[in-house]
Amino acid sequence: MQGDVKLIVSSQQLDGTHKIHFAVEDTGIGIPMDKMDHLFKPFSQVDASVTRRYGGTGLGLAISKKLVELMGGKIWAESEMARAQHSISLSRYLQPPMNQSHS
């Protein structure tokens with residue numbers, strides 16, 4: 001069985017700022033809706049049996065969430081169990097740099 005992973009990047013200009021959106025989509029095993037709140041918690045696994053089969057510590061998304069929030073962004077997940085597809089998204093608003101003189 002083969003799956004795929006997609007990285008989708010888009011931007012949008014809004015009143016002098018830019019919104020940059022990154023989405024990672026894959027055709028993995030899917031995440032049940034009642035387990036979504038565990039995704040971004042440190043040392044948390046949606047399913048312990050999956051950890052034994054695929055590995056992982058439960059820190060990757062917790063660290064990502066902290067870094068994204070420190071940069072003023074938002075990170076979230078969506079999952080469609082029927083299609084075994086889920087995505088992790090990140091959006092960040094960027095202010096263009098002020099005119100600076102370069103020496």
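Residues numbered from 1 in each chain as written. Predicted model: local features only at pLDDT ≥ 70, side-chain atom pairs only at ≥ 80, totals over all residues. Heavy atoms only, no water.

This part takes up the pattern of salt bridges. Scanning the entire structure with this criterion turns up 1 salt bridge. Taking the shortest distance from any N to any O, the salt bridge between E69 and K65 comes out at 2.4 Å. Here the residue E69 and the residue K65 both occupy positions in helix α2 (residues 60-70), the gap between them amounting to 4 residues, near one helical turn. Exposure remark for E69: the relative accessible area of 42% places this residue in the partly exposed category. Residue classification places K65 among the partly exposed residues on the basis of a relative accessible area of 27%. (Salt bridge = Lys/Arg side-chain N within 4 Å of Asp/Glu carboxyl O. Helix = DSSP H or I, 4+ residues; strand = E, 2+ residues; numbered from the N terminus. Buried < 20%, exposed > 50% of the residue type's maximum accessible area, 1.4 Å probe, protein only.)

What follows concerns the confidence of the model for the protein chain. Any region with low pLDDT has predicted coordinates that should not be read closely. The predicted model of the protein chain has a mean per-residue pLDDT of 75, with 69% of residues at 70 or higher. α2 holds the highest mean pLDDT among the elements of the protein chain, 87, whereas helix α1 (residues 48-54) holds the lowest, 58. (pLDDT = per-residue confidence, 0-100.)

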